[in-house]
Amino acid sequence: MLLAALLALSPARADVFALADAGITLDVPAGWEMTRWSDWDWKGKTGDGAVAVEVWYTPFQVPITKEAAERWAGLYGDKLDDMRAVGVLRDTVSLADVGGRPTARTTMHFAFEKGGPKGVMVVAAFPVEGKVMHVAMLAAAPNASRATAALDTVLARLSVQKPAAEILALGGPATTALGFGATLPGGWRRPLPIEEPEADKALAAIGVGPKDPSACLRAIRPSPSGEVDLILFCGESWKMGILDEDSFLVEEDLLKKRFFGKAADKVPVALKLERNDRLGILLAPDVSGKALRIAAIPYDRGTIVAWGVGEPDSAAELESAIRATSASFTFDGPDGGASIHEVGEWVVHTLSYRPWHPAVIAAGALFLAVLGAFGWLIFGGARRKPSVQE
């Protein structure tokens, strides 16, 4: 039973607890007891055992908003479900400034068992660098006021060693050392350095991606739940052939084989990624448990490859973000960063895909005319009879 679990917490002596990974230090009142302590979480209870305490964080720093608080209420409900609570309901959500930190306060109600005593969970969520901290108090319903007072006490006494970073400036225009820049769409931003390892886990989970993610422009769209949509825009030195409407299907097939090898035939038909100055290819492979989008856009240094990965319901957002970002690309190279191809490549491309192009027809006609004239000079002259001079 949940009630028995709350009352059976084993004691440990200490008053100050540093959560190094979280970047905070708890200073609990004398007599409170600790049952679990790590660099990222803490569990305990008040001295009289009336209130259980739990502190943890979700990855990625997100703004403290009413919408975010609603998502966190879902997480708190899941946590209570794991404790075998029943009849879990969210009661109130409010926003406030606590100790100079924007804070969301949420109250949850539940029953310890079907038909059993009622309980309450009061939680505060506030940002630290690259994370959101959650401080929760659980108690029987008659002790709701004591749970609230305990939460106020913890919030007032804790200290933050890694305060929340400024994240607004991480959206919008972004520059790189890869020969291109971009403007990230609304809701997307570059990750904080402390968030990068967590963001890269999303790509690692599907087993494909660039060899060196650190050499790419990262863009993330973090969720309050701790999940994240990620896109990496990477400058690759290899280049595609001349890509246009005529060669699209051939280049699409080559790109699929480059990324997926023998499984290329299983990748759905590619979509066109259009800019006013060039064409790109957008692949939407089927990946179990994740949404994946891969785009390739030619430029003067080779190819910009976008790797986008997220939750299954994020496919449309990934595609939209890749399209918007690629449309905003600016290039350092000459001619607007146009892909560089030799004259011979253009000749082969034109002969392969545009044999009826006026230039090809004119060149063919000129060749035939020259060949005809040459033949006439050789064979026509041979048929002439030599003149006899008197």
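Preceding block: the structure.
Everything quoted here is computed from the prediction, not taken from an experiment.

### Thoughts on the sheet that holds strand E9 (residues 131-140)
- An order of E3-E4-E5-E9-E8-E7-E6 is seen for the seven strands of this open sheet, with the pairing classed as antiparallel. In this open sheet, the two edge strands, each paired with only one partner strand, are strand E3 (33-37) and strand E6 (86-98). Going from strand to strand, the sheet's axes swing by 20° on average, the running direction of each strand aside.
- Both strand E7 (residues 101-111) and strand E8 (residues 118-128) contribute to a ladder of eight bridges, which runs antiparallel.

### Some remarks on the state of the cysteines
- Inspection of every chain in the model, using the stated rule, returns one disulfide.
- What pairs with Cys216 in a disulfide is Cys234, and their sulfur atoms sit 2.0 Å apart. Looking along the S-S bond of the Cys216-Cys234 disulfide, the torsion reads about 100°, which is the right-handed sense. Taken as a pair, Cys216 in strand E13 (residues 216-222) and Cys234 in strand E14 (residues 228-236) lie far apart in primary sequence, 18 residues in all. As far as the burial class goes, Cys216 and Cys234 line up, both buried.

### What about the pairing of strand E1 (residues 16-19)?
- Burial along E1 is one-sided: the residues Phe17 and Leu19 are buried and none of Val16 and Ala18 is.
- The sheet contact formed by E1 and strand E2 (residues 24-27) spans four bridges and is antiparallel. Of the residues in E2, the one forming a bridge with Ala18 is Thr25.
- Taking the residues between adjacent antiparallel strands as the criterion, E1 and E2 are bridged by four residues, where Gly23 takes a positive phi near 85°.

### A few points about helix H3 (residues 144-157)
- The end-to-end C-alpha distance of H3, which contains 14 residues, comes to 20 Å, matching closely the 20 Å that a straight helix rising 1.5 Å per residue would cover.
- All buried positions along H3 are accounted for by Ala147, Ala150, Leu151, Val154 and Leu155. With its buried residues spanning 130° around the axis, H3 presents them on a single face. Turned more than 90 degrees off the buried face of H3, the exposed positions are Ser145 and Ala156.
- Elements that come into contact with the buried residues of H3 comprise E2, strand E5 (51-59), E6, E7, E8 and E9.

### Some words on the packing of aromatic side chains
- The tally for this structure, following the rule as stated, stands at eleven aromatic pairs.
- Ring plane angle 80° and centroid distance 5.3 Å describe the contact between Phe110 and Phe112, whose orientation is recorded as edge-to-face.
- Residue classification places Phe112 among the buried residues on the basis of a relative accessible area of 2%.
- The interplanar angle of 90° and the centroid separation of 5.8 Å between the aromatic rings of Phe233 and Phe329 together place this pair among those described as edge-to-face. Residue Phe233 is located in strand E14, and its partner Phe329 is located in the loop between helix H6 (315-327) and strand E19 (330-331); the two are separated by 96 residues in the primary sequence.
- For Phe329, a relative accessible area of 4% corresponds to the buried category.
- Counting every residue linked through ring pairs, the aromatic cluster contains Phe180, Phe233, Tyr299, Phe329 and Phe331.
- One Lys or Arg, Arg278, reaches over the ring of Phe331 and ends 4.2 Å from the middle of that ring.

### Regarding the side chain of Ser247
- By the element assignment, Ser247 lies in the loop between E14 and helix H5 (248-260).
- The buried category is assigned to Ser247, whose relative accessible area is 0%.
- Here Ser247 is in contact with Ile242, His349 and Tyr353, once residues within four sequence places are set aside.

### Side note on the sheet that holds strand E11 (residues 173-174)
- With antiparallel pairing, three strands are arranged side by side in an open sheet as E11-E12-E19. The sheet terminates laterally at E11 and E19, the two strands that pair on one side only.
- Here strand E12 (residues 180-183) pairs with E19 via two bridges, running antiparallel. Paired with Phe180 across the bridge in E19 is Phe331.

### Focus: the environment of Ser237
- With respect to the element layout, Ser237 can be found in the loop between E14 and H5.
- The class for Ser237 is exposed, based on a relative accessible area of 68%.
- Along the chain, Ser237 and Thr303 lie 66 residues apart, while their C-alpha atoms are 6.5 Å from each other.
- Apart from residues no more than four positions distant in its own chain, Ser237 is found in contact with Arg301 and Gly302.

### Considerations on the pattern of salt bridges
- Throughout the structure, instances matching the rule amount to 20 salt bridges.
- A salt bridge links Lys79 to Glu54; its shortest N-O distance comes to 3.0 Å. Separated by 25 residues along the polypeptide, Lys79 in helix H2 (residues 66-82) and Glu54 in strand E5 bring together distant segments of the chain.
- Lys272 is paired through a salt bridge with Glu245; the nearest N and O atoms lie 2.4 Å apart. Of this pair, Lys272 sits in strand E15 (residues 271-274) while Glu245 sits in the loop between E14 and H5, placing them 27 residues apart in sequence.

### Considering H2
- Compared with the 24 Å implied by 1.5 Å per residue over 17 residues, the 25 Å span of H2 between its first and last C-alpha is a close match.
- Looking at the packing, one finds that the buried side of H2 touches E5, E6, E7, E8 and E9.
- Downstream of H2 by one or two residues, Arg84 has phi in the positive range, about 70°.

### As for the environment of Arg105
- By the secondary structure assignment, Arg105 is in strand E7.
- Here the alpha-carbon distance between Arg105 and Ala124, two residues 19 residues apart in the chain, equals 4.6 Å.
- When sequence neighbours within four positions are dropped, the list of residues in contact with Arg105 reads Thr92, Val93, Ser94, Val123, Ala124, Thr148, Leu151, Asp152 and Leu155.
- In this structure the side chain of Arg105 is engaged in a polar contact, spanning 3.1 Å, whose partner is the side chain of Asp152.

Definitions and limits used
Within any chain, residue numbers begin from 1 and follow the written order of that chain's sequence. Note on the predicted model: pLDDT of at least 70 is required for a residue's local features to be given, and 80 or more for side-chain atom pairs to be given and counted; whole-chain, interface and lining totals, by contrast, use all residues. For side-chain calculations, the full set of non-hydrogen atoms in the structure is used, while hydrogens and water are omitted. Any two strands with at least two DSSP-identified bridges between them are counted as paired. Numbering of helices and strands runs from the N terminus; a helix is a DSSP stretch of H or I covering at least four residues, while a strand is a stretch of E covering at least two. To obtain each axis, a line is fitted to C-alpha atoms, and for helices this fit is confined to the stretch in contact; angles are then taken between N-to-C directions over 0 to 180 degrees. Cysteine sulfur pairs qualify as disulfides if the two atoms are within 2.5 Å. The buried label goes to any residue with under 20% of its type's maximum accessible area, the exposed label to any with over 50%, and the partly exposed label to all in between, with areas taken from a 1.4 Å probe on protein chains only. One fewer than the residue count of a helix, multiplied by 1.5 Å, yields its expected span. It is the directions from the helix axis to the C-beta atoms whose arc is reported. When checking whether two residues touch, look at their non-hydrogen atoms; a contact exists if any pair is within 4.5 Å. Each aromatic pair joins two rings of Phe, Tyr and Trp (for Trp, the six-membered one) with centres within 6.5 Å, and gets the label stacked for planes under 30 degrees apart, edge-to-face for over 60, and tilted for any other angle. Charge-over-ring placement is defined geometrically: NZ (Lys) or CZ (Arg) within 6 Å of the ring centre, and within 35 degrees of the ring normal. Salt-bridge detection follows one rule: a side-chain nitrogen of Lys or Arg within 4 Å of a carboxyl oxygen of Asp or Glu. We define a polar contact as two N or O atoms separated by no more than 3.5 Å, with the added condition that, inside protein, one atom must be a possible hydrogen donor and the other a possible acceptor, whereas residues neighbouring each other in sequence contribute only through side-chain atom pairs.

So far we have only geometry, and geometry alone does not tell us how the molecule works.
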